[in-house]
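Listed below are the residues making up each chain.
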Amino acid sequence: MNRLQRDLAFGLIASLALASMLVYSLLGQEERMQRWRKSSTARQIEAGAQVYSNHCANCHGSNGGGVGELGPGLADAHFFDERLEEVGWQGTLEEFVRSTTASGRVTATRPLYAGDGSAVVMSPWAMENGGPLRTD
Amino acid sequence: MNNLNFTDPQPELAEPLKPTKPENFLQRSVRALAAGLSPAELRAMINGQEITERPNPRLRAHVLSFLLHIRPRTYAQASTRFSYTFYLGFFTVFCFFVELITGIILMVYYVPTPESAYASMLRLMGEVPFGELVRDVHRLAAEAMVVLTFLHLLRTFLTVAYRNHHRFTWVTGVALLFLTVALTYTGYLLPWDQLAYWAVSVGSGLASGVPWLGDDLTLIVRGAVEVGADGLLRFYLLHVVLLPVLAGAIISAHYYRVARHGLTLPPSVEEGVLTPEQRQIATRRIPFLPSIFTHEMLLVLLGTLVLFAAAYFFYDAPLQSHANPQQTPQQIEAPWFFLWVQGLLKYGDKTLMGVVVPVLALIGLAAWPYLDRNPSRLLRKRPLVVAFTVILLAGLAWLSYVGTPAYGIQMPPAVQIAQALAPEEGLGPLRSIPYAQLTPGVYQPVGAEGVARIEPDGIALTAFLDEYSTQVGRFEAQMPEAQAFLIIEEPQQDLKKLILRILWSDAASPERETFERVIFLHRSRNGE
């Protein structure tokens, strides 16, 4: 076997090895992508929990149960079933939470959380409004 | 040896082919695709036989084919040895083409805005088949290209392959080293994660060290005072348009000069004592077709196999959390190929160490062939250069070590412990504990003498608590009477809250000092 034939033989082996590796990879792609999406969602939940713990828990409670007259609960039936109607919000609950968090709340919508009237009830949290949070 | 003589010594190669007998469609097609080589000629090449027709079809192919006309027709045997070049230049260009191809694929999915860049990375990894592999190959080949370019330059330097006509070839090579690093650095920002954002924020700040023009240069590089949408777009355009075009042009010029003026012979052949037979073998001309061509094709296949296998089995391109200008990481680390600059900065001010020294080094490197007066190419006759090279490489290694975050900058002990156990980015020992073993409760691995302890449930948690205890024990002197806690809560289904809390006495204060780090861990973090 001359050098050229040896190169051709090794090239054939390398091609087969590469093709095998790509086929093996292809067979596992769906599972890999699923695992990645799960992991990515999990990390977003962790990040969200961290943000809540750092910025929201003081007023709304560590488990979203609310803190006296400081901040209403966010995990109770009233919030999920009646809140949107109470404020006249036409969109989804997610949009309401996103909008309120980003823009803050100038005045309270329930007497219990009216504050003393000299300051906004909840400051804006979005970066474009001066807060620390990205909008994504 | 001039291999690209525009006044061709064999003008008959350009004459139209006149086959001796009629050819069928298949034979004509093979000739059209194979730069004039007939099926019989291809068979003869594979079997190591002589040419089958005149003029020599294996040389004629260099006239007929655009791609082959820029390749030398013949090579001196000694200049093709692996032990001389290590194929470093070849694999550098190979990596460049891998980057072009994988880069174009990535461009289909990437969006260069701060609002969408990170999300496009997540989409690429989670919704595009082979997305993760393509990204890993792209990043790995980029880093390999920096290493290969450097090694190629080093080999050329040590074998003095920059003499005579190749002095300017060396200059183009130094320009390519700069462009390779620039390409890798501009690509570094694109994922728009914490690693990218802060590395580029710090690195681009070096531009302000340029005398008189610093602020304007920083504005040009970043597009704004801080790295943001404008900076990302500029880095993206540099990375996918300007720098690849420049690199392609200079690679072409570089290779043209190599082919025009001929590959150099090893110093041992040029200046060594060889027998006439050895010299004849070393200087024997080998045609590009078929041997060198097929050998290069084999190298391409092997390179692709190694790159893809390394990316698939051993390498994961990093992707930290989303870039956050309002959250400075505990440790900002430059890309590894810039650690030496970060090390320099720890020895002096930004202008001198961050701008003047690196620029002078680059100019000195480019000008070296014009300054080198030693007539010999043999290493044993160049002891000063060898010593200088060793010192330079050792210096680079030392500066790179100094440039690592851990050197010279001490975080408070409690922060160091928390970073070791539950780093801001990445897994770390705490997040590596299987979710099921994180039984809610309060665990006290340090300072629990006389207190009833909850025993951990599971090997991994036990091992972690031992590691926790060891870490706290390292700082016994700075943190006397320390107590360390791990508190595990479960605020909602599939989510646990882990609190590392450390208390210690401080002689300067009657109160106990407290440090706390809170992390959340989801059941599916590892994709389960």
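Here, every reference points to the structure presented above.
Residues numbered from 1 in each chain as written. Chains lettered and ligands numbered in written order. Predicted model: local features only at pLDDT ≥ 70, side-chain atom pairs only at ≥ 80, totals over all residues. Heavy atoms only, no water.

Asker: Go over the overall build of chain B with me, naming the residues and quoting the values.
Answerer: Looking only at helices and strands, chain B features 21 helices and six strands. Relative to the globule expectation of 24 Å for 528 residues, the C-alpha radius of gyration of chain B, 30 Å, shows a markedly less compact shape. Projected onto its principal axes, the C-alpha positions of chain B cover 100 × 55 × 50 Å. Counting only residues that meet the buried cut, chain B has 48% of its 528 residues in that class. Long-range contacts, defined here as pairs at least 24 residues apart, represent 69% of the contacts in chain B between residues at least 6 apart. Accessible surface, chain B: about 27,000 Å² in total, of which carbon and sulfur atoms supply 65%. Within chain B, the 43 negative side-chain charges are centred at a point lying 16 Å from the centre of the 41 positive side-chain charges. (Helix = DSSP H or I, 4+ residues; strand = E, 2+ residues; numbered from the N terminus. Rg over C-alpha atoms; globule rule 2.2 N^0.38 Å. Buried < 20%, exposed > 50% of the residue type's maximum accessible area, 1.4 Å probe, protein only. Contact = heavy atoms within 4.5 Å. Areas by Shrake-Rupley, 256 points an atom, 1.4 Å probe, with all protein chains shown as cover. Lys, Arg positive; Asp, Glu negative; His and termini not counted. Charge placed at Lys NZ, Arg CZ, Asp CG, Glu CD.)

Asker: Which residues make up the overall build of chain A, and what values go with them?
Answerer: In terms of regular secondary structure, chain A is built from five helices and zero strands. Mapped in sequence order, the helices and strands of chain A form the string α-α-α-α-α. Taking 136 residues into account, the globule formula puts the C-alpha radius of gyration at 14 Å, and chain A, at 27 Å, lies well above it. Expressed along its principal axes, the backbone C-alpha trace of chain A runs to roughly 95 × 30 × 30 Å. Long-range contacts, defined as pairs at least 24 residues apart, comprise 24% of the intrachain contacts of chain A with a sequence gap of at least 6. Accessible area for chain A stands at about 8,600 Å²; split by element, carbon and sulfur atoms hold 58% of it. Here chain A carries 12 positive and 15 negative side-chain charges, and the mean point of each set is 16 Å from the other.

Asker: I'd like a rundown of the packing of aromatic side chains, residues and numbers included.
Answerer: All names here are of chain B. What the rule picks out here adds up to 28 aromatic pairs over all chains. Between Tyr-110 and Tyr-236 the ring centres are 5.5 Å apart and the planes differ by 35°, which places this aromatic pair in the tilted class. Of this pair, Tyr-110 sits in the loop between α6 (88-109) and α7 (117-127) while Tyr-236 sits in helix α12 (residues 229-261); the two residues are 126 residues apart in sequence, bridging distant segments of the chain. On the basis of an interplanar angle of 85° and a centroid distance of 5.4 Å, the ring pair of Trp-192 and Tyr-197 is categorised as edge-to-face. (Phe/Tyr/Trp six-rings, centres within 6.5 Å; stacked < 30°, edge-to-face > 60°.)

Asker: Now, about a nonpolar patch on the surface: what can you tell me, with residues and values included?
Answerer: All names here are of chain B. Residues Val-93, Phe-97, Leu-100, Ile-101, Ile-105, Val-108 and Tyr-109 make up a contiguous nonpolar surface patch of roughly 610 Å² in combined accessible area. By secondary structure assignment, the location of Leu-100 is in helix α6. On the accessibility criterion, Leu-100 (34% relative accessible area) is partly exposed. (Patch = residues over 30% accessible without salt bridge, like charges linked within 9 Å, V, L, I, M, F, W, Y side chains within 5 Å. Salt bridge = Lys/Arg side-chain N within 4 Å of Asp/Glu carboxyl O.)

Asker: Account for helix α10 (residues 194-204) of chain B, with residues named and values stated.
Answerer: Residues and elements named next belong to chain B. The buried fraction of α10 amounts to nine of the 11 residues, a majority that puts the element mostly inside the structure. For α10, the complete set of buried residues consists of Gln-194, Leu-195, Ala-196, Tyr-197, Trp-198, Ala-199, Val-200, Ser-201 and Ser-204. Taken together, the buried residues of α10 touch α8 (131-158), α9 (166-189), α11 (214-222) and α12.

Asker: Pulling in residues and values, what's your account of the pattern of salt bridges?
Answerer: Residue and element names in this part refer to chain A. Summed over the entire model, instances satisfying the criterion amount to 15 salt bridges over all chains. Glu-86 is paired through a salt bridge with Arg-83; the nearest N and O atoms lie 2.3 Å apart. One end of the pair is Glu-86 and the other is Arg-83, both in helix α4 (residues 83-87) and three residues apart, which spans about a single turn. Assessed through its relative accessible area of 5%, Arg-83 is described here as buried.

Asker: So what's going on with the environment of B:Pro290? Which residues, and what values?
Answerer: When you line up the elements, B:Pro290 lands in helix α15 (residues 288-313). Judged by its relative accessible area of 11%, B:Pro290 falls in the buried class. Among residues more than four places away in sequence, those in contact with B:Pro290 are A:Leu4, B:Met45 and B:Arg58.

Asker: Break down the interface of chain A and chain B for me, with residues and values.
Answerer: Each partner contributes residues to the interface: chain A has 40 residues there, and chain B has 46 residues. Interface of chain A and chain B: buried area, both sides summed, is about 3,700 Å²; carbon and sulfur atoms make up 64% of it. The three residues of chain A that bury the most area against chain B are A:Leu4, A:Trp36 and A:Glu46, which together make up 16% of that side's buried surface. Connecting chain A to chain B are two salt bridges. B:Glu132 is the partner of A:Arg32 in a salt bridge, and the nearest nitrogen-oxygen pair spans 2.9 Å. Across the contact surface, chain A and chain B share 14 residue pairs in polar contact (both at pLDDT 80 or more). Mapped by element, the contributors of at least two residues to the side of chain A that touches chain B are α1 (3-27) and α2 (29-60) of chain A. Counting residues per element, the side of chain A that touches chain B draws most heavily on α2(A), which supplies 17 residues. (Buried area = accessible area lost by both parts, 1.4 Å probe. Polar contact = N/O pair within 3.5 Å; in protein donor to acceptor, adjacent residues only side chain to side chain.)

Asker: Got a sec to walk through the sheet that holds strand β4 (residues 483-492) of chain B? Specific residues and values, please.
Answerer: All names here are of chain B. In spatial order, the strands read β3-β4-β5-β6; together these four strands make up an open sheet with antiparallel pairing. Edge strands, defined here as strands with exactly one partner in the open sheet, are β3 (441-446) and β6 (509-522). Neighbouring strand axes in the sheet, compared pairwise and without regard to direction, differ in orientation by 20° on average. Judged from the 11 bridges that link them, strand β5 (residues 495-506) and β6 form a sheet pairing that is antiparallel. Bridge pairing links Leu-503 to Thr-514 in β6. (Pairing = 2+ DSSP bridges. Axes fitted to C-alpha atoms, helices over the stretch in contact; angles between N-to-C directions.)

Asker: Residue-level account of a negative patch on the surface, with values.
Answerer: Residues and elements named next belong to chain A. Negative charge collects at one region of the surface, where Asp-76, Asp-81, Glu-82 and Glu-85 lie side by side. With respect to the element layout, Glu-85 can be found in helix α4. Using a relative accessible area of 71% as the deciding quantity, one classes Glu-85 as exposed.

Asker: If you had to explain the packing of α8(B) against α9(B) to someone new, which residues and values would you point to?
Answerer: Residues and elements named next belong to chain B. At a closest axis distance of 10 Å, the pairing of α8 and α9 adopts a crossing angle of 160°. Classed by the angle they form, the pair α8 and α9 counts as roughly antiparallel. Seen from above, α8 lies across α9 with left-handed handedness. For the pair α8 and α9, the contacting residues are Arg-139, Ala-142, Met-145, Val-146, Thr-149, Phe-150, Leu-153, Thr-156 and Phe-157 in the first and Trp-170, Gly-173, Val-174, Leu-176, Leu-177, Thr-180, Val-181, Thr-184 and Tyr-188 in the second. Of the residues that constitute the contact of α8 with α9, the class distribution is 12 nonpolar, five polar and one charged. (Parallel < 35°, antiparallel > 145°, perpendicular 65-115°, else oblique. Left-handed = near helix turned anticlockwise from the far one by under 90°. Nonpolar A, V, L, I, M, F, W, Y, C, P; charged D, E, K, R; others polar.)

Asker: For the pairing of β3(B), give the residues involved together with the corresponding values.
Answerer: Residues and elements named next belong to chain B. Burial runs high along β3: five of the six residues are buried. Both β3 and β4 contribute to a ladder of four bridges, which runs antiparallel. From the neighbouring strand, Val-446 faces β4, where its bridge partner is Ala-484.

Asker: Which residues make up the environment of B:Val442, and what are the values?
Answerer: With respect to the element layout, B:Val442 can be found in strand β3. Sequence spacing of B:Val442 and B:Leu498 is 56 residues, and the spatial spacing of their C-alpha atoms is 10.0 Å.

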